[in-house]
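# Descriptive analysis of the structure
One letter stands for each residue in the lines below.
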Amino acid sequence: MINKKQIIFFIVAVLAIVAFVAIGFKKSGEDIKTSNTSPDGTAINPAEETDKVRISEKNEHYTIDAVYPKVTSDAISTYFKSYVEGEVTQFKNDTSWVNDVGSASEGMLSLSISYEVVKSSTVQNYIFSESSYTGGAHGLQVRRTFSFDKGGQLLSISGLFTNGMDGLSAFSKLVQKELLKRENAQSDWIADGASPKEENYQAFVVTDEGLTVLFDPYQVAPYAEGNIDIAIPVSSFKSIAKPEFWNLVR
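Summarised in this report is the structure supplied together with it. (Residues numbered from 1 in each chain as written. Predicted model: local features only at pLDDT ≥ 70, side-chain atom pairs only at ≥ 80, totals over all residues. Heavy atoms only, no water.)

### A look at the pairing of strand S3 (residues 109-119)
Heads up, the rule is: Two strands pair if DSSP finds at least two bridges between them. Strands here are runs of E lasting at least two residues and helices are runs of H or I lasting at least four, both read from the DSSP assignment and numbered beginning at the N terminus.
Alignment of strand S2 (residues 62-71) against S3, held across 5 bridges, turns out to be parallel. The partner of tyrosine 62 across the bridge, within S3, is leucine 109. By the bridge criterion, 10 bridges tie S3 to strand S4 (residues 124-133) in an arrangement that is antiparallel. The residue bridging leucine 111 from the neighbouring strand is serine 132, located in S4. Counting the residues that bridge the hairpin from S3 to S4 gives 4 residues.

Here it is, written out as structure tokens:
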């Protein structure tokens, strides 16, 4: 039979366990809260870079040198990892023909992926540059960007405008106007490659001054023109710009 002392001991033990668990939960919550803040207490963008990861591979047929960022958010880090590994896999598929020609392709083929970080007050931008040669007259140069807001949300260009795709339509007119000012500009290339479609504006960078669009060779001009970047100041489209991305005075 349980006496009074045993009951009191049991109650004290239960209270001690509850207190221990509560302290543990509190400590865990504090760790989560501080993990996304800098020492001065300001919020850290989940896409803030913390390290680099490199993929290097070389054989008798090709060389691969690719690098991608590791960031504060594990989910975003995994996203970058999947993107770069996917490009490496695609390169290997595109060069599988080397097994049939042997030494004829020795040392010719290559894949290089690098990136740079461009920050604004509200957005963390990553610009990936990919250069590859899989055979043919010349190699391929591609740039792709990934822009994340303060909450770690991946942005699309239409998401930067208050009126979505209508905003992109208005913005594309500004871009086309600037492209047509270029020497040797070809209107047919520009009308197609800079038309208001999301796929034409996949590479962009949000800055405090405005929005820069990156066009790769062949998109809005012949290959010889190379990369073309068009920067549009936010003052030119502030009536449709989302205020959370720019410091706007209406």
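### Notes on the pattern of salt bridges
To keep things clear, this is the line we draw: A side-chain nitrogen of Lys or Arg and a carboxyl oxygen of Asp or Glu constitute a salt bridge if their distance falls within 4 Å. Note on exposure labels: buried denotes an accessible area under 20% of the residue type's maximum, exposed denotes more than 50%, and partly exposed covers the range between, all computed with a 1.4 Å probe on protein chains only.
Within this structure, the stated rule accounts for 9 salt bridges. For arginine 182, the salt bridge identified is with glutamate 225, shortest N-O distance 3.3 Å. Remark: glutamate 225 occurs in the loop between strand S7 (210-215) and strand S8 (228-233) and arginine 182 occurs in the loop between helix H4 (164-180) and helix H5 (187-193); sequence separation between them is 43 residues. Classification of arginine 182 by relative accessible area gives partly exposed; the value is 32%. It is possible to trace a salt-bridge network through shared partners that takes in Arg143, Asp216 and Asp229.

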